[in-house]
Amino acid sequence: MLDIATLLGAGLLQAFEPLNLMMIFVGCLAGLFIGAMPGLGSVNGVAILLPVTFLVPPTAAIIFLAALYYGAMYGGAVSSITLGIPGASTAVATVFDGRPMAQQGKADQALTAAAVASFIGGTISVVLFTLFAPPLAVFALKFGPQEEFALMVLAFATFIGLGGDDIPKTIFSILLGLVMAAVGFDIISGQPRMIFFDFVELQRGIGFLVLAIGIYGIGEMLWTLENTKGDVRIHAVTSTWKSFKKNLSHVREYLPTTALGSALGFFVGTLPAAGATPASLMSYGLAKTFARDPDSFGKGNVSGVAAPEAANNAASTGSMLPMITLGIPGSPTTAILLGGMIIWGLRPGPLLFTDRPDFVWGLIGSMYVANFVTVALNLALIPLFVRVLAMPFTILTPIIFILCFVGVFATTDRMFDVWLMLLLGLGGYLMRKLNYPVAPAVLAIVLGPLAERSLRQSLISSRGDVMTFFERPISLTCMLLALALMIYPIWLGIRRRRAGSASGTG
Amino acid sequence: MKYLKTLMASALAVAVSAPVALAEWQPRKPVEFIIMAGTGGGADQIARLLQGLIEQKGLSSRPFIPINKPGGSGAEALRYMQDKAGDDHTVMMTLNSFYTTPIIQEDLGVDVTKFTPIGLMAMDTFLLWVHTDREDITDLDSYVDAVKGAGLDWKVGGTGSGQEDSVLTAMMEAAFDYEVTYIPFPGGGTVAKNLIGKQIDSTVNNPSEQLAFYESGDSKPLVQFTGERMAAFPDVPTARELGVDIEYYMQRSVNGPPGMSPEAVEFYTNLFQTLFDSAEWQEFCVSDGLTCDGMLNGADLASFHASQVEAHKKLIAQVGAGAITGE
């Protein structure tokens, strides 16, 4: 324990060296804007700016890239809330409630919640990282295909069991997402499947961002246009010191969900191959299931913004853990960081902690500082961000459409995906019109491939015996939790109905 | 208005400077550096190291962006390259699935001998790995006994049906007359992690994928499938020494899509030659057990690919495509 304190102290001192501190500041700022641009996520940001880091020592370099990574996580929320398009895949869940809040003229409150939740998520996870990195790495190793699949089932359960929504419609939406996730190459045999109309482009599968931008950018915009006939009241928000203090005082409302989301996000982040996007979606689902007012989710509940934001920041810290301790990246962004480390002459793996404590603890120290810097920057920039909403709707809408096109084309570099996005956007609009929830479809396309792979790996290794999921303690626990999560809302519904009829007769 | 002016001014500046760059071919936009395997694996580590060296040494006016396309044992990447025919801004880091995947998946419609060869960076090697806790397994004989004892409960992890490690696994099954359960994972890094986490019993990882765990004492190599013992593993016998006729390598070459322009080929060939000759790359070759004696390029690499395709066709016919895909 004392050891950790000494090492952390040294790490913090290192983070405060002028060069490193500057790196943190510049990294956070750059990340914030990269994250806020649709189509440019932390992956691109880190890849593009990797060469910059060859000018400075390795520790300063990783600090810069890590700061960029956090900054982008915060930044993703900005366009999710103000424009209604996810700035990065990790910020999709933030749209669910962030967008409605902005439409209600509470953009500043949503942005504050996102910043504060991100800060809490980041800080909780870096504390967990500091205290438990080596044992957690050992725990992550216990996660085989069976455990991964059980965790995916748990994630789906949080979405099926959503209290307010129509359960059959939710299941339909999940299935639709799963069908789309299955398009492309078969994970195990490598054969192409479900190539509709023989479009060769479909072999690559339907990109998750293509779906998310289509549904939220195009679909929502069409929906708003139809509802308002373009006659939208401008949601200008005046951001003053007084409103800022008021917004901060709301923290207590979303503190529990934030704490839960942080722990969950960190944990999911540490598992190789999962990453921040599933973490944020799961956190949203859990927050909704256990909320006192699940019906208000998706309509502008501040907890619905805080939960995914806490989780995606926590996961970004969490995904550093397998990278540093095992040399296996937990997310696409950390894969690039890993490449950087090899060039700097560092070999991530079980020995890095003992071989290069200066590097590891410098990085951990910088995570603490980066969190403070990003939250401060973010809160300071809120007045600037909300200015976007002051634009007349007739100007803002075309800009959003353009950003959707650019965002999709920038990520995949194919016009086919742009047309696909328009088509999916139209589909999303129809689903919305027919009152189908679209969020479960988005969840399914993210988690579908992960779930399929782990399911098939498990069944190959057990030679077809499904009991394998119930024989291993961790997987059994997840499965039981999933079952409980599915039953809980139904039970709640029955109880409510009884209470309703009781008061009706009484 | 002011923004518009700045924008137009910079567009003009680009237009003016472009003809100068044409004198000697240079990329005009970021180069997609496709990796036909998942993150953390051998191909991925090498591609990311090369990308970093390109940036560090300022070898390209535009950045190389590594993109993993592991789907369908590299089929996704091969198809992508095929569709990029004639493109001068896409190159791919390949491995042996470059040969095996089009053979096994006939309807993929990809002929790799039509791709543009750029440079053979290295020949990678394979070793047989088990967890250090398997104290009952000390050499190849005890390994074979353990596998035969376990039967289909013996799980071998790999990177996908039709990938080179599944070919090697099938070769071992034929040589030792046993059968195992082969579980595919998305990349050599994940395979390594699952061996250390004891989700699988053995694997034929490349050295770079297991090195960190080997050094920390979590995994041990039993056999190397090379002609001679590697400098990095002097105490590990080769299969040939033990009387088993298996020698298998993994090529690590960079290739462009079909129909790349000659100017671009020259640029990329020079670039990868510079990387190949760099001290950093040669050091990496030694520490990670790669063989790097001179970079094959152009027609030499093309004929190398052609002979490898034939060799793999024979190999697959020998062990049977079914043994590899597990059908």
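How each quantity is defined
- Residues numbered from 1 in each chain as written.
- Chains lettered and ligands numbered in written order.
- Predicted model: local features only at pLDDT ≥ 70, side-chain atom pairs only at ≥ 80, totals over all residues.
- Helix = DSSP H or I, 4+ residues; strand = E, 2+ residues; numbered from the N terminus.
- Rg over C-alpha atoms; globule rule 2.2 N^0.38 Å.
- Buried ≥ 20, exposed ≤ 12 C-beta atoms within 10 Å, placed from the backbone.
- Contact = placed C-beta atoms within 7 Å.
- Pairing = 2+ DSSP bridges.
- Nonpolar A, V, L, I, M, F, W, Y, C, P; charged D, E, K, R; others polar.
- Domains from an automatic or database assignment.
- Axes fitted to C-alpha atoms, helices over the stretch in contact; angles between N-to-C directions.
- Parallel < 35°, antiparallel > 145°, perpendicular 65-115°, else oblique.
- Left-handed = near helix turned anticlockwise from the far one by under 90°.

Describe the overall build of chain A, listing the residues and the values that go with them.
Within chain A, the regular secondary structure consists of 22 helices and 2 strands. In terms of C-alpha radius of gyration, chain A reaches 22 Å, essentially the compact-globule figure of 23 Å for 506 residues. For chain A, the C-alpha atoms occupy an extent of roughly 65 × 60 × 60 Å along the three principal directions. Taking all 506 residues of chain A together, 58% fall into the buried category. Taking as baseline every contact in chain A between residues at least 6 positions apart, the subset at least 24 positions apart corresponds to 80%.

Any chance you could break down the overall build of chain B for me, citing the residues and the numbers?
Along its length, chain B carries 12 helices and 10 strands. For 327 residues, the compact-globule estimate of 2.2 N^0.38 gives 20 Å, and chain B sits close to it at 21 Å. Counting only C-alpha atoms, chain B reaches 75 × 40 × 40 Å along its principal axes. Here the contacts in chain B between residues at least 6 apart in sequence split such that 78% fall between residues at least 24 apart.

Hey, could you go over the pairing of strand β5 (residues 127-131) of chain B for me, with residue numbers and the actual values?
Strand residues, when the strand is regular, have side chains that alternate between the two faces of the sheet. All names here are of chain B. Counting buried residues along β5, 4 of its 5 residues qualify, which places the element largely inside the surrounding structure. As paired strands, β5 and strand β8 (residues 202-203) are joined by 2 bridges and run antiparallel to one another. Residue pairing in the sheet places W129 in a bridge with T203 of β8.

Quick one: what's the story with the interface of chain B and chain A, residue by residue and with numbers?
Tallying the contact residues gives 45 residues for chain B and 41 residues for chain A. Mapped onto the side of chain B that touches chain A, the elements with two or more residues apiece are α2 (42-57), β2 (64-68), α3 (75-83), β7 (181-184), α7 (188-196) and α8 (207-215) of chain B. Looking at the side of chain B that touches chain A, the element that brings in the most residues is α2 of chain B, giving 8 residues. Classifying every residue of the side of chain B that touches chain A gives 14 nonpolar, 22 polar and 9 charged.

Tell me what's going on with the pairing of strand β4 (residues 116-124) of chain B, and back it up with residues and numbers.
Residue and element names in this part refer to chain B. When you tally the buried positions in β4, you get 8 out of 9 residues, the bulk of the element. Here β4 pairs with strand β10 (residues 250-256) via 7 bridges, running antiparallel. Looking at the pairing, D124 lines up with M250 of β10.

How would you sum up the environment of L326 of chain A? Please name residues and give values.
With respect to the helices and strands, the residue L326 of chain A is situated in helix α14 (residues 320-326). In this structure, the C-alpha to C-alpha distance between L326 of chain A and F25 of chain A, residues 301 residues apart in sequence, is 29 Å. When residues no more than four places from it in sequence are discounted, the contact partners of L326 of chain A are A137 and G349 of chain A together with K193 of chain B.

Break down the domain arrangement of chain B for me, citing the residues and quoting the values.
By convention, interface size is frequently given as the accessible area that disappears when the constituent parts associate. Residue and element names in this part refer to chain B. One can read the domain layout of chain B as domain 1 (28-124 + 249-319) and domain 2 (127-248). Its C-alpha centre places domain 1 at a distance of 25 Å from the equivalent point of domain 2. Across the boundary between the two partners, domain 1 contributes 25 residues, which contact 25 residues of domain 2. Elements with a minimum of two residues in the side of domain 1 that touches domain 2: α2, α4 (97-104), α10 (279-287) and α11 (298-319). At 4 residues, α4 tops the list of elements feeding residues into the side of domain 1 that touches domain 2. The residue makeup of the side of domain 1 that touches domain 2, split by class, is 9 nonpolar, 13 polar and 3 charged.

Got a sec to walk through the sheet that holds strand β1 (residues 31-35) of chain B? Specific residues and values, please.
Residue and element names in this part refer to chain B. Spatially, β2-β1-β3-β10-β4 is the arrangement adopted by the 5 strands of the open sheet, whose pairing is mixed. Looking at which strands have only one partner, the edges of the open sheet turn out to be β2 and β4. Going across the sheet, the axis of each strand differs from the next one's by a mean of 20°, ignoring polarity. Pairing of β1 with strand β3 (residues 90-93) involves 4 bridges; the strand directions are parallel. Of the residues in β3, the one forming a bridge with I34 is M92.

Please give an account of the packing of helix α5 (residues 92-103) of chain A against helix α13 (residues 302-318) of chain A that cites residues and values.
Residues and elements named next belong to chain A. In the contact formed by α5 and α13, the axes pass within 8 Å of each other and the chain directions differ by 150°. Relative to α13, α5 is oriented roughly antiparallel. Note on packing geometry: the crossing formed by α5 with α13 is left-handed. Packed against α5, whose contacting residues are A93, T94, F96, D97, G98 and M101, the element α13 presents G304, V305, P308 and E309 at the interface.

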